[in-house]
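This is what each chain is made of:
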Amino acid sequence: MSNITRFAPSPTGYIHLGNLRSAIYPYLIAKQSKDGKYILRIEDTDQARYVAGATDLIKETLVWLGLNWDEGIDKGGEHGPYYQSERRDIYHEYARKLIEKGRAYADPTSPEQINEYRQADNVAKKPFLYRNHRPANTPTWEPGIPLRFKSEPKVVSWHDEVMGDMSTGPEVMDDIILIKADGLPTYNFAHIVDDYLMEVTHIVRGVEYLSSMPNYLAIYEALGINHPKFVSLPHVLATTGNKKLSKRDGAKSAVDYRDDGVLPEAMLNYLACLGWNDGTEQEIYSMDELKKAFSIDRIQTSGARFDEVKLLWQNGQWIRKIFDEQGCDALYERTISRDRASVESNKENPSRNSLINFWPEEAMDYPEEYRKKVLSIIYDRLKVLSDLREYTKYFFVDPEIDLEFLQSNKFIKKLSETEQRDLLSATIDKLSAISDDDWTANNLQDALNDLLEETSQKPAQLFSLIRIALSYASFSPALHLTMEVLGRNTTLARLNATRSAVVNDL
Ligand code: GLU
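Residues numbered from 1 in each chain as written. Predicted model: local features only at pLDDT ≥ 70, side-chain atom pairs only at ≥ 80, totals over all residues. Heavy atoms only, no water.

## As for the overall build of the protein
- Across its full length, the protein holds 20 helices and 12 strands.
- Rg of the C-alpha trace for the protein: 31 Å, well past the compact-globule value of 23 Å for 506 residues, more than 25% over.
- In terms of overall dimensions, the protein has a C-alpha envelope of 100 × 50 × 45 Å along the principal axes.
- For the protein, the proportion of its 506 residues judged to be buried stands at 51%.
- Here the contacts in the protein between residues at least 6 apart in sequence split such that 76% fall between residues at least 24 apart.
- As displayed, the protein offers around 23,300 Å² of accessible surface, 47% of which is attributable to carbon and sulfur atoms. (Helix = DSSP H or I, 4+ residues; strand = E, 2+ residues; numbered from the N terminus. Rg over C-alpha atoms; globule rule 2.2 N^0.38 Å. Buried < 20%, exposed > 50% of the residue type's maximum accessible area, 1.4 Å probe, protein only. Contact = heavy atoms within 4.5 Å. Areas by Shrake-Rupley, 256 points an atom, 1.4 Å probe, with all protein chains shown as cover.)

Laid out in structure tokens, this is it:
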């Protein structure tokens, strides 16, 4: 049997990282079976929480991560429409089935009255259960009146693919609302009807839905339909403490990370492995590898902690992997624009199409070939692509001379200013002897080695001096590579400028 799964977000804002596994795992489960299908359904029946633009952001995130849906909004499919707000008649049809079976009733009780019941139960120290206050007379149901499920409390047992065998007592079953006064269904009812009609085989969602399971199971039973398999994902915990990762605590969205230069491969890799592992030590997985290795039975039952340091480490690994396996041009493409796919998915929303460029502004005045050279010597230091803005600035603009910065360096500190001047002079002499044509990394490496010998300096001292004179940055790629890319003129001009500053300071 093919696996049919869905991602069913509510358009209430961006999808934060804690919820993204509910998009990734069902995708993997669907793709693991022949002819499996991954559906994107938008659960927009809670109009009070609706946020304009949220659906576009959801689509953009999925496309960016490579989670392309087979059926759903924009794509269509046999079981549409895929916006719940457009499926009102379908929910009403199923609501009527329950009314006919005597398992749903129109509830004329006012919200104020319900509040009174609740307060009275509180005072009496009884748990509030709506079914204890069922109205004696119920009108014929028509839109405008909420429709409630008529529960038949009992012990319920079920199996969760992650949490194992579960069971609850009758006290948790209640008369939950199926259709609200505005005629739209609640999540509790709508998802059951939709998953059934869309032939979903696995529901993958957060553990927060577990407590409602007894009510859901009662509805499946009352409708006389089979339920899909349940795959409940433990919470993603904030980096510290025992709280869930949440937007309120500043959890960023996937697109925020994308805009900082996290690669989709790394985000997918990181999130898929958050609370799941295949039992090996492997840490870097491509989508194809995940499709092969993923299995529901290795999802952890306890919460997984979000660790940005690990995410960024994995991103660094992916930056290297792309450079090593696909070449500099492929990595360069990622630094200059958003993934084409996401631009493509956003045609109708051009403001989000503005190309993300991870280079310092001044870099754009230089030829592409030069930027690629810079990338090829710095890529293995990057954690996020936007590190380029800080790490490569001096390849495009002469750095400001800052003797304080130079002389506070822990190696340079050990040299007197006269020694600094003499070392810079020796370096300038040595390098001036190399012609423009011979200005290659190899020749520069040889020259630096000669200099070390001739000056009897420690590498850390001599090279820190040259490096800072060239970049005034906290670190740079290997010196011979940096000098090759900067070129002869710039290298010599910068060494001279610092030398003059040191001399003036003497
Ligand atoms: N609309 C629900 C949410 O955004 C989806 C839960 C589910 O996957 O069934 O949380």
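## Looking at the site of the ligand
- Neighbouring residues of the ligand: Arg 6, Ala 8, Pro 9, Ser 10, Glu 43, Tyr 187, Arg 205 and Tyr 209.
- Measuring from a nitrogen atom of the ligand, one finds a backbone N or O atom of Ala 8 at 2.8 Å.
- Tyr 187 has a polar side-chain atom sitting 2.4 Å from an oxygen atom of the ligand.
- Taken by itself the ligand offers 290 Å² of open surface, and the protein chains cover 80% of this. (Near = heavy atom within 4 Å. Polar contact = N/O pair within 3.5 Å; in protein donor to acceptor, adjacent residues only side chain to side chain.)

## Here we look at the packing of helix 8 (residues 264-272) against helix 10 (residues 308-326)
- It is the contact of helix 8 with helix 10, at a shortest axis distance of 8 Å, that shows an interaxial angle of 135 degrees. On the basis of the axis angle, helix 8 is oblique to helix 10. In this structure, helix 8 meets helix 10 at a crossing whose hand is right-handed. Residues Glu 265, Ala 266, Met 267, Asn 269 and Tyr 270 of helix 8 touch helix 10, and the partners they reach there are Lys 310, Leu 311, Gln 314, Asn 315, Trp 318 and Ile 322.
- Looking at the contact of helix 8 with helix 10 residue by residue, the classes come out as 6 nonpolar, 3 polar and 2 charged. (Axes fitted to C-alpha atoms, helices over the stretch in contact; angles between N-to-C directions. Parallel < 35°, antiparallel > 145°, perpendicular 65-115°, else oblique. Left-handed = near helix turned anticlockwise from the far one by under 90°. Nonpolar A, V, L, I, M, F, W, Y, C, P; charged D, E, K, R; others polar.)

## Some remarks on helix 5 (residues 187-197)
- Among the residues making up helix 5, those that are buried are Phe 189, Ala 190, His 191, Ile 192, Val 193, Asp 194 and Asp 195.
- Considering only its buried residues, helix 5 is in contact with strand 1 (4-7), helix 3 (88-100), strand 8 (177-179), strand 9 (202-206) and helix 6 (213-223).
- Where helix 5 terminates, the next one or two residues include Glu 199, which has phi positive at roughly 60 degrees.

## Comments concerning the environment of Arg 134
- Relative to the assigned elements, Arg 134 resides in the loop between helix 4 (111-123) and strand 5 (147-149).
- Relative accessible area serves as the criterion here: at 31%, Arg 134 is assigned to the partly exposed category.
- Sequence separation of Arg 134 and Asp 107 is 27 residues, and the distance between their C-alpha atoms is 8.2 Å.
- Filtering out sequence-adjacent residues up to four positions away, Arg 134 remains in contact with Tyr 105, Lys 150, Ser 151 and Asp 175.
- A polar atom in the side chain of Arg 134 sits 2.6 Å from the side chain of Asp 175.

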